[in-house]
Amino acid sequence: MTWRFSETDRRPGGSALALALGLMGLASPAWAQASPPLPGAYAGWYDTRDRAEDAEPREFTLINYFFTRASATNLIADPAGLKGVSLGPFGVGAGSAVTVTPGRSAFWVEQRWIPVLEYSPHFVDGLASFRAQLEVDYLWGRSANALQQNEGGGFNADQVNIQTKNVNVALYPTRKPGELALIVGTQPVYDAYFDPTRTSLNDIIRTGYKLAFLGSDATGFSAFGARGRHQGRLSLLPLGSAQSDKALLSDPRLKYAILGMADYAWSLAPGTNVGVSAWYLRDDTKGDAYAFEGLVKSGPSSTGLPYFVGTARFNIDRPTGWVGWLGANFHHNIDFRTGRLGASGFVMYNGGRFTSTKEDTSLNRAVDIGGLSANLEVLYNYGRTSNDLVTLEGMFSTGDSDLNDGRYTSAFTLNQYGLPGAVWFNHKMLLLFPFTSTVNNYTGAVTDLSNQGFGLQALLATGAYDLIPNKLHLKVGAGYAQSSVTPTELTAGTARGRVLGTEINAELRYTIRYLMSVGLHAGYLFRGNFYSGNTFVTTNPWAGFTTFTWYAF
């Protein structure tokens with residue numbers, strides 16, 4: 001696999017560059033939104049030296065990512081619960097307890113460093129590669145001289161705060177990574193069918209199910225294959241485990257929540273793919289597994305997780321059960337290689353059943369699941385560069401008007417098992433949905449496709465233009481969202497409406513050098529009657545951000 005940087009045809013190792021591109025999207029999805037596709041992404045970066053005598057690609061590769069964001073906002077979250085991390089929807093009153101009240105604002109700076117290491121020794125003759133990815137996150141001025149993740153920006157620093165993201169081996173039985181790749185170990189897992197170790201996340205967040213159902217890391221096994229116009233993925237991923245029967249039955253065996261995924265896609269034409277998916281989750285942990293070890297339990301019966309990720313809690317004790325997903329997706333010309341019009345979208349049905357194992361439960365004996373979700377985005381490239389475009393996107397999920405009964409009728413995502421486990425990055429909003437160029441703060445009006453179980457109907461529009469081609473980029477956007485059903489009252493006697501709000505935003509990004517940029521981002525949300533009677537959201541949210549991003553390899 002090779003990528004052309006310029007007319008001089010510099011050709012680095014394909015695996016290294018693919019990792020770099022993937023990291024660009026993983027660490028800062030907003031960069032991916034503003035970046036043009038090949039070859040425009042490399043415009044202005046040329047190498048006039050003769051590369052005919054270049055050595056073979058290095059065995060060892062380091063990809064380095066550095067990101068800093070400064071925030072000024074009236075969104076006040078408590079980072080103490082998750083040790084430096086703020087997650088969740090506005091106004092739930094628990095979890096990170098994000099409040100929006102008059103006369104109160106906050107300012108902070110957060111920082112992230114991610115190194116990605118790849119080793120492909122020559123003596124394996126292209127059969128395998130080892131990869132490891134670490135992460136160091138913190139707020140400036142917070143904590144020093146201690147042992148804890150997501151901290152270490154205080155005076156003296158001296159913090160042990162390295163987080164393991166990925167450690168895996170990729171095997172290439174045919175010695176053609178694009179043909180067959182077997183990945184064993186801790187790896188990035190997404191709801192698209194592309195191999196994430198060789199594909200830019202800029203592509204992954206715009207294809208498949210756009211990380212609305214799954215976007216995180218997990219340990220397990222995945223196989224990615226492609227032949228001709230056909231492409232597919234098989235994965236088996238243990239999401240969590242617990243000794244659920246140790247206390248009552250003296251059974252120390254681990255019980256697992258395991259996810260199996262099968263995806264197939266067919267290329268109708270260059271840049272036009274259609275795909276189908278079938279996934280299955282089996283959870284035998286009885287609600288005893290953790291999303292945050294020792295603090296926040298995972299699964300649909302968790303009493304803490306929904307407040308951090310914006311899902312619905314099932315009214316059930318110690319459940320075991322299953323969830324299945326059947327979906328179809330497509331994308332067409334999203335990089336404008338075959339014309340000025342592009343599009344992408346999906347439809348997904350999730351169904352299942354959880355049954356309580358507690359004999360004397362006073363809650364539901366069982367909860368049946370059935371929900372439908374859909375997405376469609378249309379893009380039009382009107383100008384000189386691929387950044388000159390307008391977009392219109394709709395997102396939909398069915399809702400549940402009674403979250404306490406024995407039937408759940410909205411989207412079921414992997415946010416039910418992770419902190420977070422699904423992150424829809426492609427929305428291009430800053431407040432209605434979380435601003436995705438972030439480190440420790442991921443909050444918004446809606447943080448899960450289910451919208452706390454009430455469902456979602458959203459319409460988002462953006463217009464973008466390169467003021468200086470491939471150098472200075474301006475984007476403006478607007479979005480509207482409402483629930484699919486009327487939510488339950490928060491204050492007795494005060495009826496709530498369905499309207500979450502309307503956002504307007506603007507972003508200006510300047511490319512300093514190749515893969516180094518700064519940005520200014522601002523948004524304002526006119527809150528809707530969804531927050532009627534909510535004492536934690538009593539004024540309109542606003543936020544301003546500055547970002548600095550640098551990728552090096």
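Our subject is the structure listed above.
Only a predicted model underlies this, so the values are computations on that prediction, with no experimental measurement involved. (Residues numbered from 1 in each chain as written. Predicted model: local features only at pLDDT ≥ 70, side-chain atom pairs only at ≥ 80, totals over all residues. Heavy atoms only, no water.)

Draft legend 1. Representation of the pattern of salt bridges within the structure. Within the structure shown, the criterion is met by 24 salt bridges. For Arg 131, the salt bridge identified is with Glu 118, shortest N-O distance 3.7 Å. Of this pair, Arg 131 sits in strand β4 (residues 128-139) while Glu 118 sits in strand β3 (residues 106-119); the two residues are 13 residues apart in sequence, bridging distant segments of the chain. For the salt bridge of Glu 377 with Lys 210, the shortest nitrogen-to-oxygen distance reads 3.8 Å. Taken together, the residues span a long stretch of sequence, with Glu 377 in strand β15 (residues 366-381) and Lys 210 in the loop between α3 (201-204) and β7 (215-227) at a distance of 167 residues. The residues Glu 377 and Lys 210 share a single accessibility class, namely buried. Put simply, Arg 112, Glu 135, Asp 137, Lys 165 and Asp 217 are held in one network by salt bridges that share partners. (Salt bridge = Lys/Arg side-chain N within 4 Å of Asp/Glu carboxyl O. Helix = DSSP H or I, 4+ residues; strand = E, 2+ residues; numbered from the N terminus. Buried < 20%, exposed > 50% of the residue type's maximum accessible area, 1.4 Å probe, protein only.)

Draft legend 2. Focus on the nonpolar core. Counting 55 residues, the largest nonpolar core has Phe 213, Trp 325, Phe 412, Phe 433 and Leu 456 as its most contacted members. For this core, the secondary-structure elements that each account for two or more residues are β9 (255-269), β10 (272-283), β13 (319-332), β14 (341-356), β15, β19 (456-468) and β23 (542-552). Look past the residues within four positions of Phe 412 in its chain and what remains in contact with it is Phe 213, Leu 281, Pro 300, Phe 314, Val 323, Trp 325, Asn 350, Phe 354, Ile 369 and Tyr 417. In terms of nonpolar packing, the next biggest core, distinct from the first, is built from 20 residues, Leu 82, Leu 87, Tyr 193 and Leu 201 among them. (Core = buried A, V, L, I, M, F, W, Y, C linked by side-chain atoms within 4.5 Å. Contact = heavy atoms within 4.5 Å.)

Draft legend 3. Quick look at the packing of aromatic side chains. Evaluation of the coordinates by the stated rule reveals 21 aromatic pairs. Centre to centre, the rings of Tyr 209 and Phe 213 are 6.4 Å apart; their planes meet at 90°, and the pair counts as edge-to-face. With a relative accessible area of 0%, Phe 213 lands in the buried category. Judged by centre distance (6.2 Å) and plane angle (80°), the rings of Phe 314 and Phe 354 are edge-to-face. A residue pair is termed long-range when its members are at least 10 positions apart, and Phe 314 in the loop between α5 (305-309) and β13 and Phe 354 in strand β14 qualify at 40 residues. Comparing Phe 314 with Phe 354 shows no difference in burial state: the two are buried. An aromatic cluster of at least three residues, connected via ring pairs, comprises Tyr 209, Phe 213, Trp 279, Phe 314, Trp 325, Phe 346, Phe 354, Tyr 408 and Phe 412. Positioned over the ring face of Phe 530 is Arg 496, at 4.4 Å from the centre of the ring. (Phe/Tyr/Trp six-rings, centres within 6.5 Å; stacked < 30°, edge-to-face > 60°. Lys NZ or Arg CZ within 6 Å of the ring centre and 35° of its normal.)

Draft legend 4. Seen up close, the layout of surface pockets. Looking at the largest pocket, its volume works out to about 1,400 Å³. If you trace the largest pocket, you find 45 residues lining it, with Lys 165, Ser 216, Asp 217, Leu 419 and Pro 420 closest to the centre. With 5 residues, β7 is the largest single contributor of residues to the lining of the largest pocket. In terms of residue class, the lining of the largest pocket is made up of 25 nonpolar, 13 polar and 7 charged. (1 Å grid on protein atoms, 1.4 Å probe; cavity = no way out; pocket = protein on both sides within 12 Å on 5 of 7 lines; lining within 4 Å. Points joined across faces, edges and corners; volume = space filled by probe spheres on them. Nonpolar A, V, L, I, M, F, W, Y, C, P; charged D, E, K, R; others polar.)

Draft legend 5. Here's a closer look at the pairing of β15. As judged from the 15 bridges shared by β14 and β15, these two strands associate in the antiparallel manner. If you follow Phe 346 over to β15, its bridge partner there is Asn 375. As defined by bridge partners, β15 adjoins strand β16 (residues 389-397) across 9 bridges and the pair is classed as antiparallel. Bridged to Tyr 380 within β16 is Val 390. (Pairing = 2+ DSSP bridges.)

Draft legend 6. Quick look at the environment of Ala 445. Position of Ala 445 relative to the elements: it lies in the loop between β18 (441-444) and β19. Ala 445 sits in the buried class, given a relative accessible area of 1%. In this structure, the C-alpha to C-alpha distance between Ala 445 and Leu 432, residues 13 residues apart in sequence, is 4.9 Å.

Draft legend 7. Representation of unusual backbone geometry. Following Leu 419, the chain continues to Pro 420 via a peptide bond in cis, the omega torsion being -10°. Within the secondary structure layout, Pro 420 lies in the loop between β17 (407-408) and β18. Positive phi is not limited to glycine here, since Asn 451 has a value of about 50°. Counting through the fold element by element, Asn 451 comes out in the loop between β18 and β19.

Everything listed here is a matter of coordinates, which is why it stays silent on function.
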